[in-house]
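Structural description and commentary
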Amino acid sequence: MTSPYHLEPPADRVSNLELFFDLVFVFTITQLTTKLAADLTWLGFGRVTLLLFMIWWMYSGYAWVTNSVRVHSMPRRVLLMTAMTAFLVLALALPGSYADTGLYFGLAYFVINAVHSGLLFLGGGRNVARTMAWIGPLNLASATLVLVGGWLHLPWLWVAAAALQFCTPYLHPVSGFDVRAGHFAERHSLVLIIALGESVVAIGVGAASNEHLTWATVGAAALALTLAYHLWWAYFAGDENRAEHALEAIADPARRSRLALNAFGYAYLPMLLGIVAMSAGVKKALAHPTDHAHLDAALVLAGGVALFLVGEALFRGVLRIGLPVWRLVGAAAAMATVPIGTALNPLAQLLALIVVFVAVFVTEEVARRGRTAQPASH
């Protein structure tokens, strides 16, 4: 019988332990959505954006950990569980992170960072350790800024931390990593599904805010779920497979790592922020589905969809897959639905956003078939 303390190394796909780790991300996204829904101002949106960037920087960092390190021994699993616990504490502290719970947020973030560097140093191999000798101290510096900023209630230190994190991969190459394309693409696809799950939760929370279930609430819930489905379809109709193949086609490990960082790190951020914003908009929409939407609620709903499509366009552009231009056109069209929500109601705006997605998909399919048939005509 196999000992529970000596598991076989994971295959080239996502393990159950990683899925368990990713479940914390559901709570984190829920907390961010709740925070945004409670403050639909530009300042509130900016604060949520900053938090998401810092959290995503370290959360996606653990995709690099499990892509490079075999978490098959008890000490390494304990370290991963320690990071998971720290992420839970971070999520609990998130609502008041700019006030009284900032210290808890900063301490949890520091632990997450330390475990991340430790796992890569100890188990990533010589090339990874050599790269982390440069990147690790920069990550530690940003985590220290987050800790001090949370302790002393100085949000500008968090802005400095985010700026340092954004620049870190360009201050030293990430050539020490040899990204396993199958695992990396699948891990991020699953994170996106988990994030989309928050939009479903938002539907339930928004519907539950009504004292009585009405046909208008049912219709709005059905439209909101259909909208979430179209976000899912925008990515999972083929982009996840094309992305994996694009990574596999890069023979040079250094170039593959850079491509993985730009596509699954930076381009994923507006997609995730879009899901958070759309979920907050859905909660507001289902609270009063037949009343005129407030401008801020209509903006966050349309803006969430637009951000997701912009992120998808960036993702396609970095990996050179699909047709990015129509996603950008769709983003502009999504923003054009704001007057529909304010002049009519959220029900009409939800329907209009679904129509935008359908128009984008149909246009892309027509353009794809035209490009495929063009060589045959010659």
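Residues numbered from 1 in each chain as written. Predicted model: local features only at pLDDT ≥ 70, side-chain atom pairs only at ≥ 80, totals over all residues. Heavy atoms only, no water.

1. Considering the overall build of the chain
Where we set the bar: Helix and strand labels come from DSSP, where a helix needs a run of H or I of at least four residues and a strand needs a run of E of at least two; each type is numbered from the N terminus. Accessible area is worked out with a 1.4 Å probe on protein chains only. A residue is then buried under 20% of its type maximum, exposed over 50%, and partly exposed in between. In these tables, accessible area is a Shrake-Rupley quantity obtained with a 1.4 Å probe, and a residue counts as shielded only by the protein chains included in the view. All tallies of charge rest on Lys and Arg as positive and Asp and Glu as negative; His and the ends of each chain are not included. All charge positions are set by atom: Lys at NZ, Arg at CZ, Asp at CG, Glu at CD.
Counting its regular elements, the chain contains 15 helices and zero strands. Dimensions of the chain, computed from C-alpha atoms along their principal axes, come out at roughly 65 × 60 × 50 Å. Taken over 378 residues, the chain has a buried fraction of 53%. Only carbon and sulfur atoms are counted for the fraction: they give 69% of the accessible area of the chain, which is about 16500 Å². Charge separation in the chain, taken as the distance between the mean sites of 22 positive and 20 negative side-chain charges, equals 8 Å.

2. Digging into the packing of aromatic side chains
We apply this condition: We call Phe, Tyr and Trp rings a pair once their centres come within 6.5 Å, taking the six-membered ring for Trp, and we label the pair stacked below 30 degrees between planes, edge-to-face above 60, and tilted otherwise.
Inspection of every chain in the model, using the stated rule, returns 29 aromatic pairs. Considering the side-chain rings of W232 and F236, the 5.7 Å spacing of their centres and the 20° angle between planes classify their relative orientation as stacked. Of this pair, W232 and F236 both sit in helix α8 (residues 215–236), four residues apart, which is roughly one turn of the helix. A relative accessible area of 31% means that W232 is categorised as partly exposed. Taking the centre distance of 5.2 Å and the plane angle of 85° together, the rings of F264 and F315 count as edge-to-face. Of this pair, F264 sits in helix α10 (residues 253–266) while F315 sits in helix α12 (residues 295–319), placing them 51 residues apart in sequence. There is no split in this pair, since F264 and F315 are both buried.

3. Section: unusual backbone geometry
Although it is not a glycine, H153 sits at a positive phi angle of roughly 55°. Mapped onto the secondary structure, H153 falls in the loop between α5 (126–152) and α6 (155–171). Positive phi, close to 60°, is recorded for R320, a residue that is not glycine. Within the secondary structure, R320 sits in the loop between α12 and α13 (324–335). With a relative accessible area of 77%, R320 lands in the exposed category.

4. Quick notes on empty space enclosed by the protein
Just so we agree on the cut-off: Any residue with an atom within 4 Å of a point lines the site, the site being either a cavity, points on a 1 Å grid over the protein atoms alone where a 1.4 Å probe fits but cannot get out, or a pocket, an open set with protein on both sides within 12 Å along at least 5 of 7 lines. Grid points are joined across faces, edges and corners, and a volume is the space filled by probe spheres set on the points. Ten residues, namely Ala, Val, Leu, Ile, Met, Phe, Trp, Tyr, Cys and Pro, are considered nonpolar, four, namely Asp, Glu, Lys and Arg, are considered charged, and the remaining ones, Gly among them, are considered polar.
Applying the stated criterion across every chain yields a total of three cavities of 30 Å³ or more. The calculated volume of the largest cavity comes to roughly 320 Å³. What lines the largest cavity is a set of 24 residues, among which W57, G61, W64, P169 and L261 lie closest to the centre. Elements with a contribution of two residues or more to the lining of the largest cavity: α2 (42–68), α4 (102–123), α5, α6, α7 (181–208) and α10. If you tally residues by element for the lining of the largest cavity, the top one is α2, at seven residues. Tallied by class, the residues present in the lining of the largest cavity amount to 17 nonpolar, seven polar and no charged.

5. Structural notes on α2
The cut-off we apply is this: For a helix, the expected span equals 1.5 Å multiplied by the residue count minus one.
With 27 residues, α2 should reach 39 Å at 1.5 Å per residue; the first-to-last C-alpha distance of 39 Å fits that figure. Within α2, 20 of the 27 residues are buried, which leaves the element mostly enclosed by the surrounding structure.

6. Regarding the side chain of E312
The test is simple: In what follows, a contact means two residues having at least one pair of non-hydrogen atoms within 4.5 Å.
In this structure, E312 sits in helix α12. A relative accessible area of 0% means that E312 is categorised as buried. E312 has contacts with A234, Y235, D239, M271 and R327, leaving out every residue within four places of it along the chain.

7. Some points on a nonpolar patch on the surface
The line we're drawing: Two joining distances apply to patches: 9 Å for like charges and 5 Å for nonpolar side chains (Val, Leu, Ile, Met, Phe, Trp, Tyr), and every residue must have over 30% relative accessible area and no salt bridge. Salt bridges are defined by distance alone: a side-chain nitrogen of Lys or Arg within 4 Å of a carboxyl oxygen of Asp or Glu.
On the surface, L103, L107, W151 and L152 cluster together to form a nonpolar patch covering roughly 400 Å² of accessible area. Put simply, the parts of the chain that give the nonpolar patch at least two residues each are α4 and α5. For L103, a relative accessible area of 33% corresponds to the partly exposed category.

8. Focus: the environment of A91
For A91, the location among the structural elements is in helix α3 (residues 74–93). A relative accessible area of 0% places A91 in the buried class.

9. Describing the packing of α2 against α7
The line we're drawing: Geometry is summarised by axes, namely lines fitted to C-alpha atoms with helices restricted to the contacting stretch, and by angles between N-to-C directions that run from 0 to 180 degrees. Left-handed is the label given to a crossing in which the near helix is rotated counterclockwise from the far helix by less than a right angle, and right-handed is the label when the rotation is clockwise.
At their nearest, the axes of α2 and α7 sit 10 Å apart, and the two run at 145° to each other. As α2 packs across α7, the resulting crossing turns out to be right-handed. On α7, the residues touching W56, S60, Y62, A63, W64, T66 and N67 of α2 are H183, F184, R187, H188 and V191.

10. What to know about the side chain of N67
Position of N67 relative to the elements: it lies in helix α2. Residue classification places N67 among the buried positions, given a relative accessible area of 5%. Among residues more than four places away in sequence, those in contact with N67 are D178, V179, R180, H183 and F184.

11. Here's the deal with α3
Its 20 residues place the ends of α3 28 Å apart at the C-alpha level, agreeing with the 28 Å of an ideal helix rising 1.5 Å per residue. The set of residues buried in α3 consists of R77, L80, A83, M84, A86, F87, L90, A91 and A93. Residues of α3 that are buried in the fold lie against α1 (16–38), α2 and α4.

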